[in-house]
Every structure is written in structure tokens, then in C-alpha cells.
Amino acid sequence: MDDTEAEEVLQGGNTSVVVRVGDTVRRSTGHWTPAVHALLEHLKSVGFVDAPNVLGLDYQGREVLLFVAGEVGHHDRGQPLPPWFRTTDACAAIGDWLRRFHDAQLGFAPDPALPWRMVAGHRLTLGEVVVHHDVAPYNTIARPFGGLTVIDWDFCAPGDPVEDLAFSAWQWVPLWADKVAVANGYGGAMTLPEAAAKLAALADGYDASPEQRAHLVDACVHQMTKHADDVEALAVTDPAFAALVGLGVARSARLDAAWVSDNQEVLSAAVHGAGAVPNG
């Protein structure tokens, strides 16, 4: 593969440097990369086209992925999120993406000898899939002629599918306590009724089971709290995550968890399609 072309640093990548070289993207690797590449190769083999296409490693040992053109739901707090990413349709679409991603794993058996970033490798237990754990607007590309590609698979690991539903709900609705950030265009749900409707759209897009709907709001709180804990743990050894802690990412996640807990009854009712959602 040609490594003589100029490198263009891409926006995003707040915990790693991502560059474009011609029609490829280059990213640093880690101990988790072989497990992630095995998953991506399986998805490619079954025709799931909405994930990165791995081309191998370059001479610097970076992973090489096929470049995907489109609009990215960036995470730069200095500019508003692109309009489509703030819509109820986007929540339904990402729910659909999650369903197809989880279903496409049928027949995939992770090698227990290959570790993931945050946990050791192990076989899937009953009901588990490999969870992306970071399906957010900042990791999603809306392709020009339709379809979504979700990028940045570093935090994949076996788990309950509802973990992906919960994290995505947090970031796509978004279930944020900081309504100033929402008002400035960094996310899309300004009021509780709007948040409830978008959460329901995501669950419907996934075709969530009654059991998943029953646990979704609790799972959101858990994912927010776990994210805060994980960011702080990684910050001990990784300066990029230490910077995130300094920016208040972990603190914000815990405030979001408190906001969701305070509004759990309304959000849960919406997910179950039960009753009208009050204004507020």
C-alpha cells in the first residue's frame, strides 16, 4: 500500500490522532486491535457495510481503514452539531443501525485469547453480543447517498445489547443535564417531552424487546456512571483522558445520570408508550 502521499489530520479524535492518506484513514493501534479487527472482518464477511473496512497495518504499525465520505456528528463544543444529528429521525436511524449491527454478529465467536481494551477476552455468554460502547454522533458518518457508518471501535467488548442502546440514548437524544449546551446546538433535546419522544424513537428503531424497554432507563444511568469511572481510570495513565477529566467530562456524566434518575418515571413511560408526557 502507498505510504508516500501527504497526511491530513482529521477533526475529532480527542484521545488519538487520526489522519487521512489518500483514500485511507490511519489510526494508532493497541492491545485490543486484533480483537476489534476480527469483529470487523466478520461484519464485512456477512455484508454489513455500515462499519469501517480494515485494510491492514501501515509501515508505522497504524491500522489502515478505507476512508468514508460524509457528514460527521463532530464533538467540538465550539460549533453546533449538524442539523440532522439533532432529529428524532436520527434517533430512530441509530436504533436501526444498532439492531442490524447486533444481528450481523450471528455466528461470530470472539477468540477468548484476544483481549479487549477494558476487559480480558472471553467467550460470549447467553444473550451477549460484542457491544460497541461508543455509538455517538461524534463517531457517526452520515454518508452522502444514505446510510450510516459508525467509527472508533476501540471500546468494543462483550456485553448486554442494552448497553449499546443506553449509551446511544445518552448521546443521541441527548439525555443531558446541561440544557445550555443543548440550546447552543450541541445536542437535540431541550425539553423533557422532546427527550422522552426521542428516547422512544431510538427504542422503536431498535425494535427493543419488552425486557430491554423495562431496563433501558436504568441502563442509561449505569452507562453514564460507568463512563465517568472509566474516563477517570484511564486518566491515571493516559494524558488524553486526563485532559477529558480536566474538561469536566466525568463530572458531566454524573450530572446526566442524576438528571435521568430524577426523570426516570417520564422517560420509562415514553419507552413503553404509556400515557402522555407532561410539559417541562
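Notes on the structure in this doc start here. Model, not experiment: these values are computed from the prediction.

### Structural notes on the overall build of the chain
For the chain, the helix and strand inventory stands at nine helices and ten strands. Against the compact-globule benchmark of 19 Å for 280 residues, the chain has a radius of gyration of 18 Å, which places it among compact chains. The principal-axis extent of the C-alpha atoms belonging to the chain is close to 60 × 45 × 40 Å. In the chain, which comprises 280 residues, the share counted as buried stands at 48%. Summing over all exposed atoms, the chain offers an accessible surface of approximately 12900 Å²; the carbon and sulfur share of this is 57%. Side-chain charges of the chain comprise 18 positive and 36 negative groups, with the mean position of each set lying 2 Å from the other.

### Notes on unusual backbone geometry
Here the amide bond leading from Val 173 into Pro 174 is cis, since omega sits at -15°, within 30 degrees of zero. Among the structural elements, Pro 174 can be located in the loop between α3 (161-172) and α4 (179-183). If you check the backbone angles, His 133 has positive phi at about 75° while not being a glycine. By the secondary structure assignment, His 133 is in the loop between β7 (129-131) and β8 (140-142). The exposure class of His 133 is buried, given its relative accessible area of 17%. In this structure, Asp 152 is a non-glycine residue whose phi angle is positive, near 60°. By relative accessible area, Asp 152 is classed as partly exposed at 21%.

### Quick word on helix α9 (residues 264-271)
Burial in α9 covers these residues: Val 266, Leu 267, Ser 268, Ala 270 and Val 271. After α9 finishes, the residue Gly 273 shows a positive phi value of roughly 70°.

### Notes on the environment of Gln 264
Among the secondary structure elements, Gln 264 is positioned in helix α9. Residues Gln 264 and Cys 91 lie 173 residues apart in sequence; the distance between their C-alpha atoms is 19 Å. Once residues within four sequence positions are removed from consideration, Gln 264 is found in contact with Val 217 and Asp 218.

### Thoughts on the environment of Gln 212
Relative to the helices and strands, Gln 212 resides in helix α6 (residues 210-235). Along the sequence, Gln 212 and Glu 163 sit 49 residues apart, while their C-alpha atoms lie 9.9 Å from each other. Ignoring any residue separated from it by four or fewer positions in sequence, one finds Gln 212 in contact with Arg 99, Pro 161, Val 162 and Tyr 206.

### Points about the pairing of strand β5 (residues 63-66)
As judged from the four bridges shared by strand β3 (residues 24-27) and β5, these two strands associate in the antiparallel manner. Across the sheet, the residue bridging to Arg 27 is Glu 63, located in β5. Where strand β4 (residues 54-57) and β5 come together, three bridges link them in antiparallel fashion. Opposite Gly 56, over in β5, you have Val 64 as the bridge partner. The turn joining β4 and β5, which pair antiparallel and follow one another in sequence, is formed by five residues; a positive phi near 80° is taken by Gly 61.

### Quick look at helix α7 (residues 239-246)
Those residues of α7 not exposed but buried are Ala 240, Phe 241 and Leu 244. Down the axis of α7, the buried set is contained in an arc of 95°. They therefore lie on one face. Exposed residues pointing more than 90 degrees away from the buried face of α7 are listed as Pro 239 and Gly 246. Looking at where α7 begins, the residue whose side-chain oxygen comes 2.9 Å from the main-chain nitrogen of Ala 240 is Asp 238. One or two steps after α7, the chain reaches Gly 248, where phi turns positive at roughly 90°.

### Some words on the sheet that holds β8
Taking strand neighbours across the sheet as the criterion, the three strands line up as β6-β8-β9 in an open arrangement whose pairing is antiparallel. The two strands at the open ends of the sheet, each matched to only one other strand, are β6 (71-72) and β9 (148-150). Bridging between β6 and β8 involves two bridges; their strand directions are antiparallel. Among the inter-strand pairings, Glu 71 is bridged to a residue of β8, identified as Ala 142. Strands β8 and β9 of the sheet are contacted by helix α2 (residues 88-103), whose axis makes an angle of about 60° with β9.

Reading the values: rules and limits
- Residues numbered from 1 in each chain as written.
- Predicted model: local features only at pLDDT ≥ 70, side-chain atom pairs only at ≥ 80, totals over all residues.
- Heavy atoms only, no water.
- Helix = DSSP H or I, 4+ residues; strand = E, 2+ residues; numbered from the N terminus.
- Rg over C-alpha atoms; globule rule 2.2 N^0.38 Å.
- Buried < 20%, exposed > 50% of the residue type's maximum accessible area, 1.4 Å probe, protein only.
- Areas by Shrake-Rupley, 256 points an atom, 1.4 Å probe, with all protein chains shown as cover.
- Lys, Arg positive; Asp, Glu negative; His and termini not counted.
- Charge placed at Lys NZ, Arg CZ, Asp CG, Glu CD.
- Contact = heavy atoms within 4.5 Å.
- Pairing = 2+ DSSP bridges.
- Arc of directions from axis to C-beta.
- Polar contact = N/O pair within 3.5 Å; in protein donor to acceptor, adjacent residues only side chain to side chain.
- Axes fitted to C-alpha atoms, helices over the stretch in contact; angles between N-to-C directions.

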